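Coordinates in review
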Amino acid sequence: MERGCKDMRRLYQKLGPAVTASVVAAVVILCSLFNFNWQIRSDLRGGRDGREDSAQSHLELVEKMGRLLTAELVGTMSVLLAVVVTERKKEKKRLVLMKNAYHTALSKSSDLFFEVDLSADRLKIHSCRVEGVWEQRDLPYSEIVSCSAKKCAPQFQEAFAKTFSLEYIWDAIKKSIPSVCFEYEAAVKEEERWYSATLVPVFTGDKASARLFCMERDITELKQQQIKLKTSAMLDGSTGLYNKKTSEHMIRQRLGKQSEGQKYALFMIDIDDFKAINDSYGHMEGDAVIAQTALQLKKLFSPADITGRFGGDEFIVFFDEISDRKEIEEKAEKIKEMLRSAGMNVSFSVGIAVSEGRNMTFEVLYKKADSALYATKQRGKDGYTIYTMSEV
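Here we summarise the structure given alongside this text. (Residues numbered from 1 in each chain as written. Predicted model: local features only at pLDDT ≥ 70, side-chain atom pairs only at ≥ 80, totals over all residues. Heavy atoms only, no water.)

Before going further, it helps to spend a moment on the overall build of the protein chain. Within the protein chain, the regular secondary structure consists of twelve helices and 13 strands. Taken across its 392 residues, the protein chain has 35% of its residues classed as buried. By element, 55% of the accessible surface of the protein chain is carried by carbon and sulfur atoms, the whole surface being about 24600 Å². (Helix = DSSP H or I, 4+ residues; strand = E, 2+ residues; numbered from the N terminus. Buried < 20%, exposed > 50% of the residue type's maximum accessible area, 1.4 Å probe, protein only. Areas by Shrake-Rupley, 256 points an atom, 1.4 Å probe, with all protein chains shown as cover.)

What follows is the structure, encoded as C-alpha cells:
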C-alpha cells in the first residue's frame, strides 16, 4: 500500500493533476471491466440461471469490448504521455532561455542582487558583477550582515545591522510590510559610496520556504548631485557665503543650544558708501568689492563661525564662545586691518551685539547689532560699536 502511494505521488509530481486524474480514471474503468468479466466467468462456473449459452455470448462481447477499450486507453495514454514529455521539454527550454536572459540583463548592471533563506539563515544566491563574472555562493547571512555593518559610515552602522537582521525581516513579514528601503554610506576600496537597498520578504505560509530578496544600487552620483543642490540652496550665489535664510537658521540653532554663562556675538558688517561706488565706477566694480569682501572674511574666520551675506553690501559673522570684551574688539580690528591690507580702497562700519546666557532670540540679537551699526554710521562710519545691556 505504501509503495503504491509513493508511486502515485511520483506520477502526480511528474504528470500534474489533470493527467494523473485521467490515468486514475482509466485504471478504474479497466478494473471495473475486468471485475465484470470475472463475475460472468464465476456465473458460468456456477451455472447461475441455467443460461450458459447467453452468458457465454455476453462474455465474448465483453472481452471484445475490453480489448478494444484497452487498446484505446493504451493509445490515449501514449499520446498523453508524449504530449506531457513534449510540454515539459518546451517548459525546460523556456526556463533556460529566461535564466540566460536574466543573467545577461544583470551582467550589464552594477547592481547587487541576493536571495536569503530566512529559516536556514543562509545567503543562498549572492550575485554581483565582479569583473564581468556572476558568482553564486552559499554564505552565512547573519555573519555577512555583521561584517557589512562595520564597513558602513559610523552613523549608519546600527541602522544597517537592525534593518538587515533576521528579527527585523520576520517582523516585517508578521506586519505584512511588502518591502523595506534603506539608504546608507559605506567604504568600498577606501572610497565612500552611497547605496540604496530594497528588501522584499516573501512568505507563503510555509516558514521553511520563506525568502528575502534584495537589490542594492550604487547611488553615489545621485547623492552627490542632491548634496550639491542642497549646498547651492544654502549659499549666496555671488559670494559662496551662507545666504540670509541659511545664516538665520544656523544662528537660531546655536542660540537654542546656548547654556548659562556662554557668550555669543553677532557682527553686522556694512560697506560704507557702497551706492556711491556703484554710481561712480559701475556695478561691475561694486560686484568686485562684494566678492573681495567675502573672500577676505572667509580667510579671516574659521568654518565653525557662521559667515553670511544678508543682501546688498551687508554681511554678518556669528561667533560662539566669546570670552570677554577684549576678544570682541580684537576681532573687530582684524576685520578692518584685513580688508585694508587686501588693497580695498573702501571702509566698513561694524555693529556688534552680544548674547549672554539663555533665552536670547535671533530677532533681539539682530536688532541690537543693527542698532550698533547705525550708531557707528552716525559717528562717521569706518569703525565699530558694541551693543550690550551690561559690560561683557
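Resuming the write-up.
So, on to the pairing of strand β7 (residues 191-202). The pairing of strand β6 (residues 180-188) with β7 spans nine bridges and is classified as antiparallel. By the bridge assignment, E183 is partnered in β7 with S196. The antiparallel pairing of β6 with β7 creates a hairpin that spans two residues between the two strands, and K189 there sits at a positive phi of about 50°. As judged from the eight bridges shared by β7 and strand β8 (residues 211-218), these two strands associate in the antiparallel manner. Counterpart to T198 in the pairing with β8 is M215. (Pairing = 2+ DSSP bridges.)

Let us now look at the nonpolar core. Ranked by internal contacts, the top residues of the largest apolar core, which has 29 residues, are F267, I269, I271, F315, I328, F348 and I352. Sorting the residues of this core by element identifies β9 (263-271), α9 (274-281), α10 (283-300), β11 (314-319), α11 (325-341), β12 (348-356) and β13 (383-387) as the ones contributing at least two each. If we ignore the near neighbours within four places in the chain, the residues touching I271 are I277, V289, I290, T293, D313, F315, S347, F348 and K377. Counting 28 residues, the second-largest nonpolar core is a separate cluster that includes L112, V145, F164 and I173. (Core = buried A, V, L, I, M, F, W, Y, C linked by side-chain atoms within 4.5 Å. Contact = heavy atoms within 4.5 Å.)

What follows covers the packing of helix α8 (residues 244-256) against helix α12 (residues 362-378). Where α8 contacts α12, the axes come no closer than 10 Å and their chain directions differ by 110°. Of the possible angle classes, the one that applies to α8 and α12 is roughly perpendicular. Contacts between α8 and α12 involve E248, I251, R252 and L255 from the former and F362, E363 and L365 from the latter. Each residue belonging to the contact of α8 with α12 can be placed in one class, and the counts come to four nonpolar, no polar and three charged. (Axes fitted to C-alpha atoms, helices over the stretch in contact; angles between N-to-C directions. Parallel < 35°, antiparallel > 145°, perpendicular 65-115°, else oblique. Nonpolar A, V, L, I, M, F, W, Y, C, P; charged D, E, K, R; others polar.)

This part is about a nonpolar patch on the surface. A cluster of nonpolar residues, V200, V202 and F213, forms a patch on the protein surface that exposes about 200 Å² of accessible area. Along the polypeptide, V200 turns up in strand β7. For V200, a relative accessible area of 30% gives the class partly exposed. (Patch = residues over 30% accessible without salt bridge, like charges linked within 9 Å, V, L, I, M, F, W, Y side chains within 5 Å. Salt bridge = Lys/Arg side-chain N within 4 Å of Asp/Glu carboxyl O.)

Relative to the helices and strands, F301 is located in the loop between α10 and β10 (306-311). Using a relative accessible area of 9% as the deciding quantity, one classes F301 as buried. Measuring from C-alpha to C-alpha, the distance between F301 and K331 comes to 9.4 Å, with 30 residues separating the pair along the chain. Beyond its immediate chain neighbours, meaning those up to four positions away, F301 contacts T307, V317, F319 and I335.

A word on the sheet that holds β10. Strands belonging to one sheet form pairs held by backbone hydrogen bonds; the direction of such a pair is parallel or antiparallel. In space, the five strands of this open sheet follow the order β10-β11-β9-β12-β13, with mixed pairing throughout. Each edge of the sheet is formed by a strand with only one pairing partner; in this case those strands are β10 and β13. Neighbour-to-neighbour, the strand axes of the sheet open up by a mean angle of 20°, direction not taken into account. Note that β12 and β13 share five bridges and pair parallel.

Turning next to the state of the cysteines. Under the counting rule described, the total for this entry stands at zero disulfides. Here C214 stays unpaired: no disulfide links it, and the sulfur of C181, its closest cysteine neighbor, is 9.7 Å away. (Disulfide = S-S within 2.5 Å.)

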